[in-house]
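So the chains spell out like this:
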Amino acid sequence: QEGQKAMVSQNRNVQFFKKPTYLLPVIHAQAATWLRDLGYDVLWDDGNSQEKNFDDWYQDLIAWEPDVVVLESTTPVMKFYWSLVDRIKSHIPKSIIVMTGYHSMRKPEETLLESSTDVVLKSNHIDFVLKKLIPYIDEHENWRSTCPIEGLTIRRDEKEFYDTGNFRQIESLDLSPDVDRSLVNWKNYAYENGNFLQTPGTYATSVIRDCMFGKCTFCRYNGPDLTFSMRSVNKSLDEYQRLIEENGAKEIFDDSGVWYRGAEARAFARGIIDRGLHKKGCYFGFNTRFGYLDEETVSLLSRANFRFILVGLEACDQETLDRLDKGYSVEDVENNLRLFSKYRLYPHLTIMVGYYWQTRQQLEKTISTVRQFMFSGLARTLQVTLCTPLDFTPYHQECIDKNALQTDNYNDFDMSCLIVNTPIPHDEYY
Ligand code: SF4
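The rules behind these values
Residues numbered from 1 in each chain as written. Predicted model: local features only at pLDDT ≥ 70, side-chain atom pairs only at ≥ 80, totals over all residues. Heavy atoms only, no water. UniProt positions renumbered as here; feature names shortened; annotations may be inferred. Phe/Tyr/Trp six-rings, centres within 6.5 Å; stacked < 30°, edge-to-face > 60°. Helix = DSSP H or I, 4+ residues; strand = E, 2+ residues; numbered from the N terminus. Buried < 20%, exposed > 50% of the residue type's maximum accessible area, 1.4 Å probe, protein only. Lys NZ or Arg CZ within 6 Å of the ring centre and 35° of its normal. Pairing = 2+ DSSP bridges. Axes fitted to C-alpha atoms, helices over the stretch in contact; angles between N-to-C directions. Near = heavy atom within 4 Å. Nonpolar A, V, L, I, M, F, W, Y, C, P; charged D, E, K, R; others polar. Expected span 1.5 Å × (residues − 1). Arc of directions from axis to C-beta. Contact = heavy atoms within 4.5 Å. Disulfide = S-S within 2.5 Å. Core = buried A, V, L, I, M, F, W, Y, C linked by side-chain atoms within 4.5 Å. Domains from an automatic or database assignment. Buried area = accessible area lost by both parts, 1.4 Å probe. Salt bridge = Lys/Arg side-chain N within 4 Å of Asp/Glu carboxyl O. Polar contact = N/O pair within 3.5 Å; in protein donor to acceptor, adjacent residues only side chain to side chain.

For the protein, an unreviewed UniProt entry supplies the name Elp3/MiaA/NifB-like radical SAM core domain-containing protein and the organism marine metagenome. A UniProt comment under Cofactor (unreviewed entry) is attached to the protein, and it reads "[4Fe-4S] cluster".

### Examining the packing of aromatic side chains
Within this structure, the stated rule accounts for 26 aromatic pairs. Aromatic pair Tyr102 and Tyr221: ring centres 6.3 Å apart, planes at 55°, arrangement tilted. A residue pair is termed long-range when its members are at least 10 positions apart, and Tyr102 in helix H4 (residues 102-106) and Tyr221 in the loop between strand S9 (208-209) and strand S10 (229-230) qualify at 119 residues. By relative accessible area, which is 3% here, Tyr102 ends up buried. For Tyr221, a relative accessible area of 7% puts it in the buried group. On the basis of an interplanar angle of 85° and a centroid distance of 5.3 Å, the ring pair of Trp259 and Phe268 is categorised as edge-to-face. Classification of Trp259 by relative accessible area gives buried; the value is 0%. Put simply, the rings of Tyr240, Trp259, Tyr260, Phe268, Phe284, Phe286 and Phe306 pair up and form one aromatic cluster. The ring of Phe392 carries Lys107 above its face, with NZ or CZ at 4.5 Å from the centroid. One Lys or Arg, Arg289, reaches over the ring of Phe213 and ends 3.6 Å from the middle of that ring.

### A closer look at the sheet that holds strand S12 (residues 283-288)
In spatial order, the strands read S8-S11-S12-S13-S14-S15; together these six strands make up an open sheet with parallel pairing. With partners counted over all chains shown, the strands left at the sheet margins are strand S8 (201-203) and strand S15 (381-386), one partner each. Direction aside, the axes of adjacent strands within the sheet are offset by 20° on average. Across four bridges, S12 lies against strand S13 (residues 306-314) in parallel orientation.

### Let's talk about the UniProt feature "domain: Elp3/MiaA/NifB-like radical SAM core" (unreviewed entry) in the protein
UniProt records the feature "domain: Elp3/MiaA/NifB-like radical SAM core" (unreviewed entry) for residues 201-416 in the present numbering. The annotated region residues 201-416 carries 36% helix and 19% strand content, and the separation between its end C-alpha atoms amounts to 28 Å.

### Some words on the site of the ligand
Lining the immediate surroundings of the ligand are Cys211, Gly214, Lys215, Cys216, Phe218, Cys219, Tyr221, Gly257, Val258, Arg289 and Lys326. Class assignment of the residues belonging to the shell around the ligand gives a composition of six nonpolar, two polar and three charged.

### A word on helix H3 (residues 78-91)
If you check H3, its first and last C-alpha atoms are 20 Å apart, about what 14 residues at 1.5 Å a residue would give, namely 20 Å. Those residues of H3 not exposed but buried are Met78, Tyr81, Trp82, Leu84, Val85, Ile88 and Lys89. Around the axis of H3, the buried residues are gathered within 165° of arc, so they sit on the same side. Tucked inside the fold, the buried residues of H3 contact helix H2 (54-64), strand S3 (68-73), strand S4 (96-101), H4 and helix H5 (108-114).

### Quick notes on the state of the cysteines
The final tally for this structure, using the stated rule, is zero disulfides. The thiol sulfur of Cys316 is not disulfide-bonded, and the nearest other cysteine sulfur, from Cys387, lies at 15 Å. Cysteine Cys417 shares no disulfide, and the gap to the nearest cysteine sulfur, in Cys387, comes to 14 Å. Residue Cys417 is classed as partly exposed on the basis of its relative accessible area, which comes to 33%.

### A few points about the nonpolar core
Residues Ile252, Trp259, Phe268, Phe306, Leu313 and Leu349 are the most contacted members of the largest nonpolar core, which totals 47 residues. Of all the secondary-structure elements, those providing two or more residues to this core are helix H8 (233-245), helix H9 (262-274), S12, helix H10 (295-303), S13, helix H12 (330-342), strand S14 (346-353) and helix H13 (360-375). Apart from the residues lying within four places of it in its own chain, the contact partners of Ile252 are Thr202, Ala204, Tyr240, Leu243, Ile244, Cys282, Tyr283, Phe284 and Gly285. Leu35, Leu121, Tyr136 and Cys147 belong to the second-largest nonpolar core, a separate cluster that totals 24 residues.

### Topic: the domain arrangement of the protein
What the domain assignment reports for the protein is domain 1 (5-163) and domain 2 (194-428). For domain 1 versus domain 2, the separation of C-alpha centres amounts to 27 Å. The interface of domain 1 with domain 2 comprises 29 residues on the first partner and 28 residues on the second. For the pair domain 1 and domain 2, the summed buried area comes to about 2700 Å², and 50% of that belongs to carbon and sulfur atoms. There are one salt bridge connecting domain 1 and domain 2. Ionic pairing is found between Arg209 and Asp127, a salt bridge with its closest N-O pair at 2.8 Å. Between the two partners, domain 1 and domain 2, sit 11 residue pairs in polar contact (both at pLDDT 80 or more). A per-element tally of the side of domain 1 that touches domain 2 places H4 first, with four residues. Of the residues in the side of domain 1 that touches domain 2, the class split is 12 nonpolar, 10 polar and seven charged.

### Topic: the environment of His28
Position of His28 relative to the elements: it lies in helix H1 (residues 26-37). Taking relative accessible area as the criterion, His28 reaches 12% and is therefore assigned buried. Taking the C-alpha atoms as reference points, His28 and Asp401, 373 residues apart in sequence, are found 33 Å from one another. With near-sequence residues (within four places) excluded, His28 lies in contact with Trp44, Val70, Glu72, Thr100 and Ile126.

Next comes the structure, spelled out in structure tokens:
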């Protein structure tokens with residue numbers, strides 16, 4: 001879209017922003033840190049966050065002549081990436097292109113057929129796979145035929161691809177390093193982010209990989225190949241302490257799909273208080289689900305200086321919540337919001353509209369309920385997006401199966417307009 005930038009990097013979703021918003025792709029940042037620690041020369045090259053235009057970014061990349069380029073895919077930028085990959089290959093044919101991300105991991109062969117991409121990485125554990133793959137390529141000339149590392153589809157030649165099976169997470173998440181803030185130029189992400197109440201802000205190395213719920217039909221954290229793993233509370237507390245004391249962070253947000261709950265959440269809050277980090281003028285925030293935090297936990301989080309709590313509301317009619325498999329009721333939402341506001345947390349609601357089944361009555365129920373939450377002070381801020389099927393999630397597949405999709409051109413999946421048939425005329429949404 002003219003004047004908009006695609007933020008492919010939002011850890012589990014894509015959004016197009018007119019106002020600059022730079023979100024650190026945490027798992028890629030861990031992968032870059034890990035490879036650098038292994039002795040590789042790594043360039044973190046996020047053109048958007050460096051505010052480069054495409055031509056400058058491209059010229060710099062080609063001049064650097066990387067042996068390997070790692071890109072992150074999602075549906076609306078696939079066609080752009082396929083032509084970009086072919087262009088990079090025409091300028092630096094020896095460069096090995098690894099495509100990561102949720103779109104290509106669901107359809108690896110498509111990307112190999114549509115472009116000269118060498119490897120599709122089919123897991124969200126990009127750090128764990130790359131830290132094995134890069135040394136393997138380095139040490140084995142015939143890596144395309146012999147690579148035993150799980151979670152890859154590898155090009156052998158123009159038409160022959162070799163699939164190494166699904167990646168299985170058996171190693172502890174704690175093995176992956178904390179993000180090296182200098183390597184990823186953390187200040188480029190520290191100011192332009194509407195979710196920060198104070199700056200400089202930063203994203204913590206996520207404590208949860210994938211989602212412990214993992215059922216919501218529109219979400220990329222849904223699928224048989226996705227696992228669930230957790231970092232230890234103390235490792236994360238150590239990172240928070242460094243971010244505050246060494247980097248001067250004033251806000252730390254953990255962008256895990258759903259942050260700790262129960263015992264871990266309470267242990268984390270107590271750890272912040274015991275280390276005195278709640279008195280350093282730094283706010284903390286995270287994503288959670290309705291129904292996951294009880295009163296004892298919420299009150300501890302508040303004492304520990306947690307403020308910004310992002311919760312996916314999606315809709316306020318029960319049929320939609322059930323069809324999305326959200327696993328809670330509108331009553332749960334209200335009860336949770338009361339708890340958050342009682343303890344001075346700042347709930348931020350994310351709402352979607354334009355489901356292919358959405359009736360006017362359902363839409364109006366969502367609008368009136370959200371209005372009531374906002375005007376009664378139960379929620380502090382909100383964002384609304386057009387529900388766009390992406391990355392072959394169950395909702396995306398459902399739209400295909402029910403012939404609800406109006407286009408199969410990936411460029412149209414950029415969330416700028418509805419691309420599914422809806423009972424309500426589209427122009428009423430805009
Ligand atoms: S709870 Fe959130 S992160 Fe988990 S599957 Fe649902 S939408 Fe995705």
